[in-house]
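Here is what each chain is made of, one letter per residue.
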Amino acid sequence: MLGVLIFIAILVAVAFWGVGIYNGLVRARNAFRNAFAQIDVQLQRRFDLIPNLVEVAKTYMSHERETLEAVIAARSAAQSGLAAAKANPGDAEAMAQLAAAQGQLNAGLGRLMMVAEAYPDLKANQTMMQLTEELTSTENKVAFARQAFNDSVMAYNNKREVFPSSIFAGMFNFAAANLLAIPADKLAETRAAPKVSF
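Just so you know, these numbers come straight off a predicted model, no measurement behind them.

Rules used in this analysis
Residues numbered from 1 in each chain as written. Predicted model: local features only at pLDDT ≥ 70, side-chain atom pairs only at ≥ 80, totals over all residues. Heavy atoms only, no water. Helix = DSSP H or I, 4+ residues; strand = E, 2+ residues; numbered from the N terminus. Buried < 20%, exposed > 50% of the residue type's maximum accessible area, 1.4 Å probe, protein only. Contact = heavy atoms within 4.5 Å. Salt bridge = Lys/Arg side-chain N within 4 Å of Asp/Glu carboxyl O. Phe/Tyr/Trp six-rings, centres within 6.5 Å; stacked < 30°, edge-to-face > 60°. Core = buried A, V, L, I, M, F, W, Y, C linked by side-chain atoms within 4.5 Å. pLDDT = per-residue confidence, 0-100. Axes fitted to C-alpha atoms, helices over the stretch in contact; angles between N-to-C directions. Parallel < 35°, antiparallel > 145°, perpendicular 65-115°, else oblique. Left-handed = near helix turned anticlockwise from the far one by under 90°.

Draft legend 1. Seen up close, the environment of L82. Tracing the backbone through its elements, the reader meets L82 in helix α2 (residues 65-87). Residue classification places L82 among the buried positions, given a relative accessible area of 3%. The residues contacting L82, other than those within four sequence positions of it, are F36, D40, L43, Q44, F47 and L98.

Draft legend 2. Main features of the pattern of salt bridges. Inspection of every chain in the model, using the stated rule, returns 4 salt bridges. Measuring nitrogen to oxygen at the nearest pair gives 3.6 Å for the salt bridge that ties K86 to D40. You can see K86 sitting in helix α2 and its partner D40 sitting in helix α1 (residues 2-60), a full 46 residues away along the chain. Residue classification places K86 among the partly exposed residues on the basis of a relative accessible area of 45%. Linking E134 and R45 is a salt bridge whose minimum nitrogen-to-oxygen distance equals 4.0 Å. One end of the pair, E134, is in helix α5 (residues 126-161); the other, R45, is in helix α1, and 89 residues separate them in sequence.

Draft legend 3. Highlighting the packing of aromatic side chains. Within this structure, the stated rule accounts for 7 aromatic pairs. Here the aromatic rings of F32 and Y156 are separated by 5.0 Å at their centres, their planes lie at 50 degrees, and the arrangement is tilted. Pair noted here: F32 is in helix α1 and Y156 is in helix α5, with a separation of 124 residues, a long-range link. Comparing F32 with Y156 shows no difference in burial state: the two are buried. Taken together, W17, Y22, F168, F172 and F174 form an aromatic cluster joined through their ring pairs.

Draft legend 4. Geometry of the nonpolar core. Membership of the largest hydrophobic core comes to 44 residues, with the highest contact counts inside it found for F36 and F149. Looking at this core, the elements with two or more residues in it are α1, α2, α3 (92-117), α5 and α6 (165-171). Sequence-distant contacts of F36, defined by excluding residues within four places in its chain, comprise L82, A85, K86, P89, M95, L98 and F149.

Draft legend 5. Molecular detail of the confidence of the model for the protein chain. Per-residue pLDDT for the protein chain averages 82, and the proportion of residues at 70 or more is 87%. Summarising per-element confidence for the protein chain, the mean pLDDT is lowest in helix α7 (residues 187-191) (49) and highest in α6 (90).

Draft legend 6. Region of interest: unusual backbone geometry. That bond from F163 to P164 is cis: its omega, 5 degrees, falls within 30 degrees of zero. With respect to the helices, strands and loops of the structure, P164 is situated in the loop between α5 and α6. Even without a glycine there, the phi angle at N173 is positive, about 55 degrees. Within the fold, N173 resides in the loop between α6 and α7.

Draft legend 7. The packing of α3 against α5, seen in detail. As a packed pair, α3 and α5 sit with axes 13 Å apart at the nearest point and diverge in direction by 155 degrees. Relative to α5, α3 is oriented roughly antiparallel. For the element pair α3 and α5, the recorded crossing hand is left-handed. Across from M95, N106, L109, M113 and A116 in α3, the residues of α5 making contact are M128, T132, L135, E139 and F149.

Structure (structure tokens):
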């Protein structure tokens, strides 16, 4: 009888141990999904600011239509990339698509800001200054949210790859998550300073 009780106690302890590992994997997965939701909030704020910025700039830069249209097109592509990534945060293809689209948007915004520098009246416009400040603040928030997401993804991946969690991760299909990083083929383009000619 005592042997049966000890055996049952061991089974219960192992069950609690397994539940603890499973719950830890779920918490880690939910943490990186939540971190991605924070990126989503900041990117949406960024997307909302861009039309206002372009609208103010239009009145001063009517002959810079190509730059303005490039920013609008890049914004649309970035929104599509965000929608794909929201559907499956951590998916390699979705993260690469989002990073590439954000890189194109960053380049377009950089060109817009450089062109805006050439228009003293636009630079001095109170609305333009306020929108530029908000955009800069949002860019910083996006960078922090991206860092938090990548940290959460790393913690989740570490948790799912270490023993004995790796056994449970395999049994319950906890797939690896991917970082939000600039694709290697877009790295030089994204980091290059925008070129503006007048």
